[in-house]
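# Fold and geometry: a report
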Amino acid sequence: MKFLHTSDWHLGRSFHRVNMLGAQAAFVDHLVETVREHAVDAVLVAGDVYDRAVPPLPAVELYDRALHRLADLGVPTVMISGNHDSARRLGVGAGLIGRAGIHLRTDPAGCADPVVLADAHGDVAFYGLPYLEPALVKDEFAAEKVSHEAVLGAAMDRVRTDLAGRPEGTRSVVLAHAFVTGGQASDSERDIAVGGVEAVPASVFDGVHYAALGHLHGCQTINERVRYSGSPLAYSFSEADHRKTMWLVELGPAGEITAERLDTPVPRPLARLRGRLEELLDDPALTGREDSWVEAVLTDPVRPRDPMARLTARFPHTLSLAFEPEGRRDDGAASYAQRLRGRSDQEIAEDFVAHVRGGGSADEAERAVLRGAFDEVRVQAAACEDAGRQAAR
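Residues numbered from 1 in each chain as written. Predicted model: local features only at pLDDT ≥ 70, side-chain atom pairs only at ≥ 80, totals over all residues. Heavy atoms only, no water.

## Observations concerning the pattern of salt bridges
Taken as a whole and assessed by the stated rule, the structure comprises 17 salt bridges. Ionic pairing is found between Glu-290 and Arg-314, a salt bridge with its closest N-O pair at 3.2 Å. Within this pair, whereas Glu-290 is found in the loop between α7 (277–282) and β18 (293–298), its partner Arg-314 is found in helix α8 (residues 307–314), the two being separated by 24 residues in sequence. A residue is classified by how much of its surface remains accessible, and Arg-314, at 17% relative accessible area, is buried. With its nearest N and O atoms 2.9 Å apart, the salt bridge here joins Arg-371 to Glu-364. With a relative accessible area of 43%, Glu-364 lands in the partly exposed category. (Salt bridge = Lys/Arg side-chain N within 4 Å of Asp/Glu carboxyl O. Helix = DSSP H or I, 4+ residues; strand = E, 2+ residues; numbered from the N terminus. Buried < 20%, exposed > 50% of the residue type's maximum accessible area, 1.4 Å probe, protein only.)

Okay, here's the thing in structure tokens:
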């Protein structure tokens, strides 16, 4: 059986205020053409279909068109919700949509209810594990503690139990949205840490033939059977060196895996430039970067006059400009975004504690209070959505 593994579409997201809907539509065109060209048997979308819980209408319309086009091809699609999606909203109409071959898995309670497809060698069971917020699903899975590893492990125990009751030789694929140990993050993923623990071991997926992962935006192989497709488009300059792709996976008669990376369309390349302004404007080695989206970090000892206007004269698609003067250890001149890049909410809060104290890092008790506060905010946001759904009933 041949399937296409993709994830993290983030429909409705912009790139440094640049509307990406056109590029996202081009990706959908490419996806549909790839399915047709490679005679794909199934399409897997491992979460973060949308960029936020309440997406803009144009993003919803693009999603709707994508589903109609996949359904028209007669190719089954299995899709799960990610941490950016509203699981309840994404799952509306799932039963009806399923009749068209679009299988939405957004309810944690249904994680052991697979979509079963067949080929000449027997059945393949596709299990969709939506993003599991530990504090909200702990009771559902009777998990021993509130952690990603505990709830995902309990969900996978249900998968293995269901699989054990199926005909011998049934092959299995799991879709999941999580941060697996060994994965490389970028700046554009939303932190899903709970209690300071976010990563889960790849061994949690033992017992299935392939784990199609979403959440991390770089395409990567954790091991032969556990892979991230990454996002089809770059959503931060930290992804400048990414090769954006989808996995075309062939599942053999005995569960053998063959995987090939298929490139996705690049709307415009990314370039990260660093140096003094005059050097960047005159450097012949940067020829060819004029058509790129540019992030520039100027290192001039004194801030130059009209730096953005002068940069855009050569690099008209400059989107981000920051200053880090040579020899200055104080990062006060760096932009707020630059100083926070790659740092979690917890780390930022701990830095704030040290700042207002005038020195000295937060102690363990203070770190525990901060972790608890961030966890509570995240859980309350998800619980409010669930309460709204119950009230609507």
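Next, the rest of the story.
## Let's talk about the sheet that holds strand β14 (residues 226–228)
Taken together, 6 strands build an open sheet; the order of strands is β7-β8-β9-β12-β14-β13 and the sheet is mixed. The open sheet has two edge strands, β7 (115–119) and β13 (220–223), and neither has a second partner. For this sheet the average axis-to-axis angle between neighbouring strands, irrespective of direction, equals 20°. Here helix α6 (residues 148–164) sits on the sheet and contacts β8 (122–129) and β9 (171–177); the angle it forms with β8, its principal contact strand, is near 160°. (Pairing = 2+ DSSP bridges. Axes fitted to C-alpha atoms, helices over the stretch in contact; angles between N-to-C directions. Contact = heavy atoms within 4.5 Å.)

## Looking at the sheet that holds β18
Strand order in this open sheet of 3 strands is β17-β18-β19, and the pairing throughout is parallel. Both edges of this open sheet fall to β17 (270–275) and β19 (318–323), since each of them pairs with a single strand only. Between one strand axis and the next, the sheet turns by 15° as a mean value, whatever way the strands run. Across 5 bridges, the pairing between β18 and β19 is parallel.

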